[in-house]
Amino acid sequence: MQRTTHRPRLPVRPTVAALAAAVALTATACAKSEDDASNDTKSPTTAAGAEQKVATPKPGGKTCTVDAYGGEKLDLKKATVGFSQSEKEANPFRIAETQSIKDEAGKRGVKLLTANAQSQFSKQISDVQDLLAKGADLLVIAPLNSDGWDPVLQAAAAKKVPIVTIDRKINATACKDYVSFIASDFVEQGRRAADQMIEATGRKGEVAILLGSAGNNVTTERTKGFKERIAEKAPELKVVFEQTGDFAREKGQQVTEQLIQSKPGIKGIYAENDEMGLGAVAALKGAGKKPGDVKIVTVDGTRNAVQGIVDGWISGVIESNPRFGPLAFQTLDAFTQGEEVAQDIVIEDGAYTRDNAKTDIGRAY
């Protein structure tokens with residue numbers, strides 16, 4: 001892949017300093033299907049406190065500029081942005097994520113092209129290539145998998161099209177193959193889920209993990225954080241079952257049905273997203289279990305999962321905020337003006353427990 005020689009970094013301007021600081025950015029989200037090119041802005045305003053917030057960056061964090069990347073400066077308002085969504089619009093996280101991108105594009109008056117890979121990686125690759133063919137000057141990608149992106153990266157490099165990835169990471173080189181990666185700290189999410197599981201189970205017993213889909217960093221890192229924290233703080237809490245639920249409710253239910261049969265004494269289930277956790281709830285109900293018989297901790301922050309806490313079926317939910325629109329477009333705007341942007345932009349996430357679920361459910365998506 002050809003790139004121009006890296007040049008000295010430009011000084012940070014005030015707007016970029018604001019991006020790097022812990023600032024609140026608002027977006028909107030609603031349960032609405034994605035269509036192929038829309039700047040619809042009729043969704044309701046996001047509840048107060050539901051916006052993404054950037055964690056304070058660590059000193060010495062790496063940055064990227066348009067000169068170092070080998071791109072060209074441009075006016076975002078005159079540009080065309082292509083957005084590639086990875087998964088079917090059946091998951092509330094993806095619905096909220098896509099709507100946030102559309103809302104922010106509409107708010108800024110930016111032309112937006114969208115595509116949905118329908119959970120098929122080969123389709124996502126062709127989708128992004130099609131967005132480039134349609135004239136996308138910038139790309140925002142929510143990757144399905146972390147590997148296998150060379151065809152897209154090469155095509156984008158040939159046209160000097162900057163890429164920002166959100167939620168899942170592409171295994172490539174920052175400020176060469178892509179500009180910035182915006183996401184939560186997934187290892188920390190796993191640790192915090194473990195903390196909730198430890199409290200819910202009383203530190204002892206057998207627990208299961210409903211793994212997310214294979215081939216992406218979210219699953220790997222959420223698992224890593226959970227296991228590390230359990231080993232560190234609750235060695236008598238044993239992970240005795242792990243199986244993928246592919247981040248899907250139906251699969252989560254099927255796996256939990258198998259779990260109940262093979263491990264009838266299971267004390268807790270860590271579901272690496274809400275949809276699998278809600279599938280686990282359905283399986284437990286079908287097996288005649290009562291709320292609280294098996295402790296469930298999930299990650300995401302959907303309204304249905306938070307309601308599950310209120311109803312007693314779920315012990316806790318670690319938030320993973322999908323409202324990427326404002327932060328993604330702010331990053332692109334700063335970058336295309338020649339300013340420094342962080343290569344890794346980490347979001348702060350909240351949590352839902354029995355203490356706040358009823359009062360804070362309006363913040364969920």
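Residues numbered from 1 in each chain as written. Predicted model: local features only at pLDDT ≥ 70, side-chain atom pairs only at ≥ 80, totals over all residues. Heavy atoms only, no water.

Participant: How should the packing of aromatic side chains be read in this particular structure?
Facilitator: The way to describe two aromatic rings as a pair is by their centre distance and the angle between their planes. One pass over the structure, following the stated rule, counts four aromatic pairs. Pairing Phe-93 with Tyr-365 gives two aromatic rings, centres 6.2 Å apart and planes at 70°, and the pair type is edge-to-face. With a gap of 272 residues between them, Phe-93 in helix H3 (residues 92-108) and Tyr-365 in the segment after helix H12 (357-360) connect regions that are remote in the sequence. Accessibility expressed as a relative area gives 13% for Tyr-365, which makes it buried. Plain terms: the ring middles of Phe-121 and Trp-149 are 5.4 Å apart, the flat faces sit at 80° to each other, and that makes the pair edge-to-face. With Phe-121 in helix H4 (residues 121-133) and Trp-149 in the loop between strand S6 (138-141) and helix H5 (150-158), this residue pair connects regions lying 28 residues apart in the sequence. Taken as a pair, Phe-121 and Trp-149 share a single burial class, namely buried. (Phe/Tyr/Trp six-rings, centres within 6.5 Å; stacked < 30°, edge-to-face > 60°. Helix = DSSP H or I, 4+ residues; strand = E, 2+ residues; numbered from the N terminus. Buried < 20%, exposed > 50% of the residue type's maximum accessible area, 1.4 Å probe, protein only.)

Participant: In this structure, what is going on with the pattern of salt bridges? I would like to understand it.
Facilitator: Here the idea is simple: oppositely charged side chains can pair when their charged atoms come close. Considering all chains together, one arrives at 22 salt bridges under this definition. For Arg-229, the salt bridge is made with Asp-195, and the minimal N-O distance between the two is 2.7 Å. One end of the pair, Arg-229, is in helix H7 (residues 217-233); the other, Asp-195, is in helix H6 (residues 186-201), and 34 residues separate them in sequence. Judged by its relative accessible area of 13%, Arg-229 is buried. Note on Asp-195: relative accessible area 27%, which makes it partly exposed. When the shortest N-O distance is used, the salt bridge between Glu-275 and Arg-249 registers 3.2 Å. Within this pair, whereas Glu-275 is found in helix H9 (residues 274-286), its partner Arg-249 is found in helix H8 (residues 249-262), the two being separated by 26 residues in sequence. Residues joined in a network through salt bridges with shared partners are Glu-87, Arg-94, Glu-97, Asp-167 and Arg-168. (Salt bridge = Lys/Arg side-chain N within 4 Å of Asp/Glu carboxyl O.)

Participant: Would you mind going over the packing of H6 against H7 with me for this structure?
Facilitator: Helix-helix packing is described using two parameters, namely the angle between the two axes and the distance between the axes. It is at 7 Å that the axes of H6 and H7 come closest, and there the two elements cross at 45°. On the basis of their axis angle, the class for H6 and H7 is oblique. Of the two elements, H6 crosses H7, and the hand of that crossing is right-handed. On the side of H6, the interface is formed by Phe-186, Val-187, Gln-189, Gly-190, Arg-191, Ala-193, Ala-194, Asp-195, Met-197 and Ile-198, while H7 contributes Asn-217, Val-218, Glu-221, Arg-222, Gly-225, Phe-226, Glu-228, Arg-229, Ile-230 and Lys-233. (Axes fitted to C-alpha atoms, helices over the stretch in contact; angles between N-to-C directions. Parallel < 35°, antiparallel > 145°, perpendicular 65-115°, else oblique. Left-handed = near helix turned anticlockwise from the far one by under 90°. Contact = heavy atoms within 4.5 Å.)

Participant: Looking at this model, I keep getting lost on the sheet that holds strand S12 (residues 295-300). Mind explaining?
Facilitator: Across a sheet, strands are paired by hydrogen bonds formed along the backbone, either parallel or antiparallel in direction. With respect to topology, six strands assemble into an open sheet ordered S10-S9-S11-S12-S13-S16, the strand pairing being mixed. Each of the sheet's edge strands pairs with one partner strand only, and the pair in question is strand S10 (237-244) and strand S16 (351-352). Where strand S11 (residues 268-271) and S12 come together, four bridges link them in parallel fashion. Bridge assignment links Gly-268 to a residue of S12, and that residue is Lys-295. (Pairing = 2+ DSSP bridges.)

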